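Letter by letter, the chains look like this.
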Amino acid sequence: MSTEFKGLKVVVSGAASGIGLATAELFEKKGARVARLDFAPIETGLSFQVDVTDEIQVAEAIAAADNELGGIDVMVNSAAIFLYGPLLETPVAEARRVLDVNLIGTFLVTRETVRVMKSRGKGGKIILFSSELAQLGREHHAAYCASKAGVSAMVRCWAKEFGPDILVNAVAPGPTDTPLLDYENLPEHWKRLESSNPLGRIGQPKEIAEAVLFLAGPGSNFMTGQVLGVNGGASMV
Ligand SMILES: NC(=O)c1ccc[n+]([C@@H]2O[C@H](COP(=O)([O-])OP(=O)(O)OC[C@H]3O[C@@H](n4cnc5c(N)ncnc54)[C@H](O)[C@@H]3O)[C@@H](O)[C@H]2O)c1
């Protein structure tokens, strides 16, 4: 077994489901110590039930994770929600919630993590989640796409703000087989759209988790401010 992650202290938000869950499991399999954050209750290991949009809950959970783990080396911010909504039919409260969870939630979790990383005088790695849709755009997905384009912008800002000690990158998954996408229940034309990439299929959560581990590991030590597409070739720039 590879030992490059042995003893690494990792926090994963959105770890109750999908890509966050697969990421937490892969880190643990490779010897890392993981604290899980999610809105949903989690029974496994060190975990905190938090709403990432709540400033106090986030600050308390990150401080507690830092305390329990004895520091944070890597933070993975996977928590997000999805919104399908034609502009003319989308209540503003739904659009605001997507921006709040995906953008402000990422802002808060990152801010508190940087705070504790700096207080220990150590560097670290921060890995955020954008989406291929931030680049491609898609009808009826404006609020979600805007939230993810915002994450890509924050990655570049924070890479400049916190280098060289803290490296900030993102993964931008293509359609991935999780409850967020709910692929099995999509209409046929939408299923075809999601799998129409050069690899002819949607991704599996573990395939995205592998890219997260690459960004967390030493192989990416000269990368910061990058948004890494993991999308079967659906988007190529
Ligand atoms: N699945 C895809 O097709 C796909 C494509 C591109 C990008 N992404 C991104 O990948 C990341 C992971 O998505 P996923 O597909 O695993 O989704 P998922 O729905 O399976 O998991 C998301 C997790 O976030 C948690 N969460 C939601 N709101 C929260 C809140 N306010 N506070 C705390 N936790 C909250 C949920 O409880 C859930 O456990 C997200 O950032 C998503 O936008 C997913």
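Preceding this paragraph is the structure being described.
Residues numbered from 1 in each chain as written. Predicted model: local features only at pLDDT ≥ 70, side-chain atom pairs only at ≥ 80, totals over all residues. Heavy atoms only, no water.

Side note on the overall build of the protein chain
Which entries qualify depends on this criterion: Only runs of H or I of at least four residues qualify as helices and only runs of E of at least two qualify as strands under DSSP, and these elements are numbered from the N terminus. Radius of gyration means the value over C-alpha atoms here, while the globule rule gives 2.2 Å times the residue count to the 0.38 power. For every residue, the accessible area (1.4 Å probe, protein chains only) is compared with the maximum for its type, and the residue is labelled buried under 20%, exposed over 50%, or partly exposed between those bounds. Contact criterion: two residues are considered in contact whenever any of their non-hydrogen atoms come within 4.5 Å of each other.
A tally of helices and strands in the protein chain yields seven helices and seven strands. Counted from the first residue to the last, the protein chain has its helices and strands arranged as β-α-β-β-α-β-α-β-α-α-β-α-α-β. Radius of gyration (C-alpha) of the protein chain: 17 Å, near the 18 Å computed for a compact globule of 237 residues. Seen through its principal axes, the protein chain has C-alpha atoms that stretch 50 × 40 × 35 Å. Counting the 237 residues in the protein chain, one finds 51% classified as buried. In the protein chain, 71% of the contacts between residues at least 6 apart in sequence involve partners at least 24 apart.

Looking at the sheet that holds strand β6 (residues 166-173)
Put simply, the test is: Any two strands with at least two DSSP-identified bridges between them are counted as paired. Note on geometry: axes are lines fitted to C-alpha atoms, helical ones only across the stretch in contact, with angles between N-to-C directions running from 0 to 180 degrees.
Ordered in space as β3-β2-β1-β4-β5-β6-β7, the seven strands form an open sheet in which the pairing is parallel. In this open sheet, the two edge strands, each paired with only one partner strand, are β3 (46-49) and β7 (227-230). Taken pair by pair, the neighbouring strands of this sheet meet at an average axis angle of 15 degrees, ignoring direction. By the bridge criterion, four bridges tie strand β2 (residues 33-38) to β3 in an arrangement that is parallel. Across the sheet, L37 pairs through a bridge with F48, a residue of β3.

Considering the side chain of K191
Following the sequence through the fold, K191 ends up in helix α6 (residues 188-194). If we ignore the near neighbours within four places in the chain, the residues touching K191 are Y183, E184 and L186.

Some thoughts on the side chain of S130
Just so we agree on the cut-off: N or O atoms closer than or at 3.5 Å make up a polar contact, with two conditions inside protein: a donor-capable atom paired with an acceptor-capable one, and, for residues adjacent in sequence, both atoms drawn from side chains.
With respect to the element layout, S130 can be found in the loop between β5 (124-129) and α4 (132-136). S130 gets classed as buried once you look at its relative accessible area, which sits at 3%. In this structure the side chain of S130 is engaged in a polar contact, spanning 2.8 Å, whose partner is the side chain of S152. With near-sequence residues (within four places) excluded, S130 lies in contact with K148, V151, S152, A170, V171, A172, P173 and V227.

Overview of the packing of helix α2 (residues 55-69) against helix α3 (residues 92-119)
Cut-off, in case you're wondering: By convention, the crossing between two helices is left-handed when the near helix turns anticlockwise from the far helix through less than a right angle, and right-handed when the turn is clockwise. Under the grouping applied here, Gly and all other residues not named as nonpolar or charged are polar, the nonpolar ones being Ala, Val, Leu, Ile, Met, Phe, Trp, Tyr, Cys and Pro and the charged ones Asp, Glu, Lys and Arg.
Across the interface, α2 lies against α3 with an axial gap of 9 Å and an inter-helix angle of 40 degrees. Seen along the crossing, α2 lies across α3 with a hand that is right-handed. Touching E55, V58, A59, I62 and D66 of α2 are L108, V109, R111, E112, T113 and V116, all from α3. Of the residues contributing to the contact of α2 with α3, the split by class is six nonpolar, one polar and four charged.

Section: the site of the ligand
Which entries qualify depends on this criterion: Throughout, the term near means that a residue has one or more heavy atoms lying within 4 Å of the molecule or strand in question. Accessible surface is estimated by sampling points in the Shrake-Rupley manner with a 1.4 Å probe; for residues, cover comes only from the protein chains shown.
Contacts to the ligand come from 29 residues, most closely from S17, I19, D38, Y144 and T178. At 2.9 Å from a nitrogen atom of the ligand is found a side-chain nitrogen or oxygen belonging to D51. Interatomic distance of 2.9 Å between a backbone N/O atom of V52 and a nitrogen atom of the ligand. For the ligand, whose unbound accessible area comes to 830 Å², protein coverage reaches 92%. Mapped onto the shell around the ligand, the elements with two or more residues apiece are α1 (18-29), α3 and α5 (142-162).

As for unusual backbone geometry
In the segment running from G163 into P164, the intervening peptide bond is cis, with an omega of 0 degrees. Structurally, the position occupied by P164 is in the loop between α5 and β6. With a phi close to 70 degrees, H140 is a non-glycine residue in the positive phi region. Among the secondary structure elements, H140 is positioned in the loop between α4 and α5. Residues other than glycine seldom take positive phi values, yet D182 does so here, at roughly 55 degrees. Tracing the backbone shows D182 in the loop between β6 and α6. Exposure remark for D182: the relative accessible area of 37% places this residue in the partly exposed category.

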